[in-house]
Amino acid sequence: MNDSRKWLWLVWVAMSAVGYFLGSYASFFLGHFILGNLMLPLGIGAGVGLAQRPVLDRLLDGRPDPRLSVGWWLASSIGLLAGFVVGGSVASVLGVEIPFELSWPVGVLVFVGSSLVGGLLIGALQYLMLRPHTDRAVRWVPASTVGWALSGAGWAIAARPDGLLPVLLAPTAAGIMLGLVTGRALYWMFR
């Protein structure tokens, strides 16, 4: 990565937080009408994927890649949705009601586990898109897995039911956690 692009990982963190925040709240409003509880991971994945795309384009020197045009946000959406379907199945076996109760430890573990599985799926799908651009793309899979799992933990820790501030901070904290891990991975992959 040349010197003029070193700052892009910080923009990546900011865009991940913005996408997580906007995707979360868009899905809350639309979820009542469209897909119910499945709208949250779909909205978060879409929000993050769409917000990260311009930074990824810049990182790739503005070269358009048709696989990345739709694939990045689609991988984020489908991967996180699949992770939460798996998490929802585990939750039903454990007797945790959906939407996940944010009570320690079962609800939080299911939420973080869903993010972990979703992050693994997202990382694997996005790895296929990054592979033509860098020989270090394999690093994306563990970075995505850890980043999404930490985002689930950040959401669970910040989301306390006592006031407006935690409600606003939870998706922002989650997006920052995700962006820090994946942004640094991108920086090292494209150095």
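Residues numbered from 1 in each chain as written. Predicted model: local features only at pLDDT ≥ 70, side-chain atom pairs only at ≥ 80, totals over all residues. Heavy atoms only, no water.

Trainee: Whenever I open this one, the packing of helix α1 (residues 8-31) against helix α2 (residues 39-59) confuses me. Can you help?
Mentor: Between two packed helices, both the angle of their axes relative to each other and the distance between the axes serve to describe the pair. At a closest axis distance of 7 Å, the pairing of α1 and α2 adopts a crossing angle of 150°. Regarding the angle of α1 to α2, the classification is roughly antiparallel. Where α1 crosses over α2, the handedness of that crossing is right-handed. Each residue belonging to the contact of α1 with α2 can be placed in one class, and the counts come to 15 nonpolar, 9 polar and 1 charged. (Axes fitted to C-alpha atoms, helices over the stretch in contact; angles between N-to-C directions. Helix = DSSP H or I, 4+ residues; strand = E, 2+ residues; numbered from the N terminus. Parallel < 35°, antiparallel > 145°, perpendicular 65-115°, else oblique. Left-handed = near helix turned anticlockwise from the far one by under 90°. Nonpolar A, V, L, I, M, F, W, Y, C, P; charged D, E, K, R; others polar.)

Trainee: Before we go on, may I ask you to explain α2 in this structure?
Mentor: Owing to its 3.6 residues per turn, the α-helix brings residues three or four apart onto one side. In a regular helix each residue adds 1.5 Å, so 21 residues correspond to 30 Å; α2 covers 30 Å between its end C-alpha atoms and thus fits that length. Along α2, the helix axis deviates most sharply at R53, where the bend reaches about 35°; the proline P54 sits within four residues downstream. For α2, a buried count of 16 out of 21 residues is recorded, marking the element as mostly surrounded by other parts of the structure. (Expected span 1.5 Å × (residues − 1). Bend = angle between axes of the 7 residues up to and from the residue. Buried < 20%, exposed > 50% of the residue type's maximum accessible area, 1.4 Å probe, protein only.)

Trainee: I keep staring at the nonpolar core and nothing clicks. Help me out?
Mentor: When a protein is soluble and globular, its nonpolar side chains tend to lie buried together. One finds W12, L56, W72, L130, W140, L186 and F190 to be the most contacted residues of the largest nonpolar core, which totals 18 residues. Only α1, α2, α3 (66-94), α4 (106-130), α5 (140-158) and α6 (164-189) provide two or more residues apiece to this core. Formed by 15 residues, the second largest nonpolar core is a distinct cluster that contains Y20, L40, F111 and I122. (Core = buried A, V, L, I, M, F, W, Y, C linked by side-chain atoms within 4.5 Å.)

Trainee: Even after reading the chapter, I still don't get the pattern of salt bridges, so can you show me in this structure?
Mentor: Pairs can form between side chains of opposite charge whenever their charged atoms are close. Inspection of every chain in the model, using the stated rule, returns 1 salt bridge. The salt bridge partner of D57 is R53, with a shortest N-O separation of 2.8 Å. In this pair, D57 and R53 are both assigned in helix α2, 4 residues apart and thus about one turn of the helix distant. (Salt bridge = Lys/Arg side-chain N within 4 Å of Asp/Glu carboxyl O.)

Trainee: Just checking my understanding: could you explain a nonpolar patch on the surface for this structure?
Mentor: Taken together, the side chains of V70, L74, I78, L125 and L128 present a nonpolar region at the surface, about 400 Å² in accessible area. For the nonpolar patch, the secondary-structure elements that each account for two or more residues are α3 and α4. With 3 residues, the top contributor of residues to the nonpolar patch is α3. Here I78 is to be found in helix α3. Accessibility expressed as a relative area gives 47% for I78, which makes it partly exposed. (Patch = residues over 30% accessible without salt bridge, like charges linked within 9 Å, V, L, I, M, F, W, Y side chains within 5 Å. Areas by Shrake-Rupley, 256 points an atom, 1.4 Å probe, with all protein chains shown as cover.)

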